Amino acid sequence: MAKVARTASILIFLFSSCTFAQTGSASSGSSSFAERWEFIGVAVREPGQTIWGTSPLLGDDGKVHLYVARWPCELKVDPGWRSHSQIAHYTGDRPEGPF
């Protein structure tokens, strides 16, 4: 169970579309934790859909399963997420995708 929790934590960091930038040693105290993150891109793009939130899981099949909320782009966030939101499921071979 600890391995699953550790893997899930790692995947959450990866799918927040950020990664650590190499900015010296962690013990140097030269920058805060948040200042060492770097945007690397979007996990999922689907034309015509607004994608919101990602929940990655490492499956027993060895694949990364990514769950997101989505709704049509022509609807604004409110009321789109309330009236037309769906849970979508994507799979990939690696945490960084592609999905």
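Higher on the page you've got the structure.
Source: prediction; values computed, not measured.

As for the overall build of the protein
Point 1. Of the regular secondary structure elements, the protein holds 2 helices and 5 strands.
Point 2. When the helices and strands of the protein are placed in sequence order, the string is α-β-β-β-β-α-β.
Point 3. Relative to its 99 residues, the protein shows a buried fraction of 21%.
Point 4. In the protein, the share of contacts with a sequence separation of at least 24, taken over all contacts with a separation of at least 6, comes to 33%.
Point 5. Per element, the accessible surface of the protein, about 7,100 Å² overall, is 58% carbon and sulfur.

Looking at the nonpolar core
Point 1. Val44, Leu66, Val68, Ala88 and Tyr90 form the largest nonpolar core, which has 5 residues in total.
Point 2. Secondary structure elements with two or more residues in this core: β4 (64-72) and β5 (86-92).
Point 3. Other than its neighbours up to four places away in sequence, Tyr90 contacts Val44, Glu46, Ile51, Val64, His65, Leu66, Val68, Arg70 and Phe99.

What about the environment of Pro98?
Point 1. Within the secondary structure layout, Pro98 lies in the segment after β5.
Point 2. Residues Pro98 and Ala43 lie 55 residues apart in sequence; the distance between their C-alpha atoms is 7.7 Å.
Point 3. Once residues within four sequence positions are removed from consideration, Pro98 is found in contact with Thr91 and Gly92.

Description of the pairing of β4
Point 1. With 8 of its 9 residues buried, β4 lies for the most part within the structure.
Point 2. Strand direction decides the pairing type here: strand β3 (residues 49-58) and β4, joined by 9 bridges, are antiparallel. Opposite Trp52, over in β4, you have Ala69 as the bridge partner.
Point 3. Between the end of β3 and the start of β4, which pair antiparallel, lie 5 residues, with Gly62 showing a positive phi angle near 85°.
Point 4. Note: β4 against β5, 7 bridges, orientation antiparallel.

Remarks on the side chain of His65
Point 1. The topology assignment puts His65 in strand β4.
Point 2. The class for His65 is buried, based on a relative accessible area of 15%.
Point 3. Not counting chain neighbours up to four residues away, the residues in contact with His65 comprise Ser55, Pro56, Leu57, Gly59, His89, Tyr90 and Thr91.

The rules behind these values
Residues numbered from 1 in each chain as written. Predicted model: local features only at pLDDT ≥ 70, side-chain atom pairs only at ≥ 80, totals over all residues. Heavy atoms only, no water. Helix = DSSP H or I, 4+ residues; strand = E, 2+ residues; numbered from the N terminus. Buried < 20%, exposed > 50% of the residue type's maximum accessible area, 1.4 Å probe, protein only. Contact = heavy atoms within 4.5 Å. Areas by Shrake-Rupley, 256 points an atom, 1.4 Å probe, with all protein chains shown as cover. Core = buried A, V, L, I, M, F, W, Y, C linked by side-chain atoms within 4.5 Å. Pairing = 2+ DSSP bridges.

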